[in-house]
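Residue-level structure breakdown
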Amino acid sequence: MYIGLISDTHGVFDEEFKKFFEPVDVIWHAGDWGGDEAFTHKISDFKPVVGVYGNCDGQDIRYDYPHHQFFEVEGMSVLITHIGGSPGHYDLRAQALIESYRPHIFVCGHSHILKVKWDDHYQMMYINPGAAGIQGWQVFRTALRFKIEGGKISDMEVFKLQRC
């Protein structure tokens, strides 16, 4: 399966991101969609979406997307939540989810910092795609795409766009 990963769009989903995600099968959104339900449809009408709400999202988005998602893809278990922290410094709520589910892949957003790192302690891949929106302090807007096949992650690519 070919995955597109995005977070912290804060109401912005440009043509450049659509072009980057054109070949993917599904988009995972790690919260802080921004905008309203019409904005979430802008993405979900383009590609199937698995997503969670973020701390900046209103009730309409929270109605459609849960606090966290746990599922399996091609032999790998995946946990997505918005506020996660990072390896060695996990948010307490995220750490409780990690300890409960023991995922192969943990995805979060919130920090606006792109980071992909193996977590030795939990034996999982930590992935934060950074921020795709223009809100925040980041210099570049980022997203990821990668493949999961036969229990392995491969072909990870970073998309980077200068923030206006």
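Every value quoted in this text rests on a predicted model; they were computed, and no experiment measured them. (Residues numbered from 1 in each chain as written. Predicted model: local features only at pLDDT ≥ 70, side-chain atom pairs only at ≥ 80, totals over all residues. Heavy atoms only, no water.)

With that settled, consider the sheet that holds strand S2 (residues 26-29). Neighbouring strands of a sheet are bound in pairs by backbone hydrogen bonds; such pairs are parallel or else antiparallel. Spatial strand order, S3-S2-S1-S11-S12: five strands in an open sheet with mixed pairing. With partners counted over all chains shown, the strands left at the sheet margins are strand S3 (49-51) and strand S12 (152-162), one partner each. Strand-to-strand, the axes of this sheet are offset by a mean angle of 20°, without reference to chain direction. Here four bridges tie strand S1 (residues 2-6) to strand S11 (residues 140-149), and the two strands are oriented antiparallel to one another. Looking at S11, one finds that Tyr 2 is bridged to Lys 147. (Pairing = 2+ DSSP bridges. Helix = DSSP H or I, 4+ residues; strand = E, 2+ residues; numbered from the N terminus. Axes fitted to C-alpha atoms, helices over the stretch in contact; angles between N-to-C directions.)

To continue, consider the pairing of S12. As paired elements, S11 and S12 share nine bridges and run antiparallel to each other. Following the sheet pairing, Leu 144 is matched in S12 by Val 158. Remark: two residues form the turn of the hairpin made by S11 and S12, two consecutive strands paired antiparallel; Gly 150 in that turn has positive phi of roughly 55°.

These results come straight from atomic positions and should not be treated as a statement about function.
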